[in-house]
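Inside the fold
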Amino acid sequence: MINPCSGPLRLTIVLGAFIGVMVGVGANASDAPPVIVAVVDSGIDYHHEDLKAIMWVNIAERDGIDYVDDDGNGCVDDIYGCDVRSLVRSNLGYYPGLGGPDYEKDRYMRPDGIGHGTHVAGVIGAQRGNGIGIDGLADNVRLMAVTFINPGNSAYMADAAVAIRYAVDNGAKIINCSFGQRYVEPDVFYQLQDAVTYADAHGVLIVTAAGNFGHDLDATDSFFPASLQRDNMITVAALDAEGGLWKHSNYGLRSVDIAAPGTHVNSTVPKGDLSLFRKLYDPSGYMISEGTSVATPRVTALVANLTQQYPNVGHYQIRQMVLDQAVSNPALAGKIKRGASIAHIVVSGIGGVTP
Ligand SMILES: [Ca+2]
Ligand SMILES: [Ca+2]
């Protein structure tokens, strides 16, 4: 999560939680094409054993020419997604793509510099039934990585707006935003809002984290993009292991739509050194974390499964179907809309199996 300061913004990682409860909607993949889900975050480790098969692949770039924007979408060599960080762009002179030579040859440009996006990605869609690692919650998705968070946990929220537009332009139907910032400059506010409106106009739902400060977003604080509260957004709080509101989760009767499990969530991370400060890396390639960042992709997965199952239903109706699946939870009364959570919704499948 991004916290308040201007310029490059310090992030606070917000991961977490385990499984067993909310699961897929049982679309069973069938012959329907996969739903493209964008993870706007710190990147995705597209080499990961449990993710590589479900990465979105831009064929024109995979089969194209290095350092050429083969499909003319504004990002060079974006095989698995794009890195829209403005600082990177200014150094290279173009937006580099994940999977392209910049990422394959430059050891400083890791597919995911902090592991946060990779963890989020695994919760949504880690390859199911392959006998390794974990099973993601979504049945049939392709994950698009859109990077805007720096390896040092800082980010520009204006880049998040660019990231959302890239995701929409390249076919994502759902965008996971497990990040936020408590204050944004007016110009950045409008850039973000315009990007969310752009997504809305293209029938794209955005699932956002409520944040991890334990604050009431109605009364004392804002958290963007969640606080934009648009019709194509779903804002997610985190539940603890007992089904109550996780102690650090933000909430808000008007601001927060739904809650999902957010503690002891096992998911994918880049294989790396445990000693790396504040990085979600682990030699095993898996790690348990907590927070609204991991509650959010659970809801994203549910949106993906419903989108798969009802391909001709509009995004507002899909959103309503998600909210209607929430069950009344007395522990959340007065805290989030309708006091409901999806903690106990199980339709089919199992998510987040420990490796
Ligand atoms: Ca391109
Ligand atoms: Ca290319």
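Residues numbered from 1 in each chain as written. Chains lettered and ligands numbered in written order. Predicted model: local features only at pLDDT ≥ 70, side-chain atom pairs only at ≥ 80, totals over all residues.

A closer look at the overall build of the chain
A tally of regular secondary structure across the chain gives eight helices and 15 strands. Looking at the chain residue by residue over its 355 residues, the buried ones come to 61%. (Helix = DSSP H or I, 4+ residues; strand = E, 2+ residues; numbered from the N terminus. Buried ≥ 20, exposed ≤ 12 C-beta atoms within 10 Å, placed from the backbone.)

Quick look at helix α5 (residues 157-169)
For an α-helix, 3.6 residues make a turn, and residues three or four places apart therefore share a direction. Over its 13 residues, α5 extends 19 Å from the first C-alpha to the last, a length consistent with the 18 Å expected when each residue adds 1.5 Å. For α5, a buried count of eleven out of 13 residues is recorded, marking the element as mostly surrounded by other parts of the structure. By the burial criterion, the buried members of α5 are M157, D159, A160, A161, V162, A163, I164, R165, Y166, A167 and V168. Phi turns positive, to about 100°, at G171, one or two residues after α5. (Expected span 1.5 Å × (residues − 1).)

Quick look at the pairing of strand β8 (residues 174-177)
Looking along a regular strand, one sees side chains alternate from face to face of the sheet. Residues I174 and N176 line one face of β8 and the alternating positions I175 and C177 line the opposite face, and both faces are buried. Relative to β8, strand β2 (residues 35-41) runs parallel, the two sharing three bridges. Directly across from V39, in β8, lies its bridge partner N176. Alignment of β8 against strand β9 (residues 205-209), held across four bridges, turns out to be parallel. Within β9, the position partnered with N176 by the bridge is V207. Note that the unit made of β8, helix α6 (residues 186-201) and β9 has a crossover that is right-handed. (Pairing = 2+ DSSP bridges. Right-handed = clockwise from strand over helix to strand, strands pointing away.)

Considerations on the confidence of the model for the chain
Predicted confidence across the chain gives a mean pLDDT of 86, with 85% of residues reaching 70 or more. Taken as a whole, residues 343-355 scores under 50 in pLDDT and shows 47 contacts with residues more than four places along the chain or in a different chain. (pLDDT = per-residue confidence, 0-100. Contact = placed C-beta atoms within 7 Å.)

Digging into the nonpolar core
One finds V37, L143 and V146 to be the most contacted residues of the largest nonpolar core, which totals 102 residues. Discounting chain neighbours no more than four positions away, the residues touching V37 are I124, G125, V141, L143, M144, A172, I174, N176, T300 and A304. (Core = buried A, V, L, I, M, F, W, Y, C linked by C-beta atoms within 7 Å.)

Details of the pairing of strand β10 (residues 233-239)
Here β10 lies mainly inside the structure; seven of its seven residues are buried. Of the two faces of β10, the one lined by M233, T235, A237 and L239 and the one lined by I234, V236 and A238 are each fully buried. With four bridges joining them, β10 and strand β11 (residues 258-261) adopt parallel strand pairing. Across the sheet, V236 pairs through a bridge with I258, a residue of β11.

A look at the environment of L253
On the secondary structure map, L253 appears in the loop between β10 and β11. With 36 residues separating them in the primary sequence, L253 and L217 have C-alpha atoms 8.4 Å apart. Not counting chain neighbours up to four residues away, the residues in contact with L253 comprise D218, G334, K335, I336 and K337.

Section: helix α7 (residues 292-309)
Spanning 18 residues, α7 covers 26 Å between terminal C-alpha atoms, matching the ideal 26 Å at 1.5 Å per step. With 18 of 18 residues buried, α7 is to be regarded as a mostly interior element.

Concerning the environment of A210
Along the chain, A210 turns up in the loop between β9 and β10. With 33 C-beta atoms counted inside 10 Å, the residue A210 sits in the buried group. Put simply, A210 and N250 are 40 residues apart on the chain and 5.5 Å apart in space, counted from C-alpha to C-alpha.

Digging into the packing of α7 against helix α8 (residues 315-325)
Relative orientation of the contacting elements α7 and α8 amounts to 125°, with a least axis distance of 10 Å. On the basis of their axis angle, the class for α7 and α8 is oblique. The element α7 and its partner α8 pack so that their crossing is right-handed. From α7, V299, L302, V303, L306 and T307 reach across to α8, where they touch I318, M321 and V322. (Axes fitted to C-alpha atoms, helices over the stretch in contact; angles between N-to-C directions. Parallel < 35°, antiparallel > 145°, perpendicular 65-115°, else oblique. Left-handed = near helix turned anticlockwise from the far one by under 90°.)

Considering unusual backbone geometry
Here the bond from F224 into P225 is cis, since omega is 15°, no more than 30 degrees from zero. If you check the backbone angles, Y67 has positive phi at about 65° while not being a glycine. Considering the arrangement of structural elements, one finds Y67 in the loop between α1 (59-62) and β3 (75-76). Of note, the phi angle at D77 is positive, near 60°, even though the residue is not glycine. Note on placement: D77 falls in the loop between β3 and β4 (81-83). Given 27 C-beta atoms within a 10 Å radius, D77 is considered buried.

Describing the environment of G243
Positionally, G243 belongs in the loop between β10 and β11. You can call G243 partly exposed: it has 16 C-beta atoms within 10 Å.

Re the packing of α5 against α6
In the contact formed by α5 and α6, the axes pass within 8 Å of each other and the chain directions differ by 15°. With respect to their mutual orientation, α5 and α6 come out roughly parallel. As α5 runs across α6, the sense of the crossing is left-handed. Listed contacts from α6 to M157, A158, A160, A161, I164, R165 and V168 of α5 are V188, Q191, L192, A195, V196, Y198 and A199. Considered class by class, the residues forming the contact of α5 with α6 number twelve nonpolar, one polar and one charged. (Nonpolar A, V, L, I, M, F, W, Y, C, P; charged D, E, K, R; others polar.)

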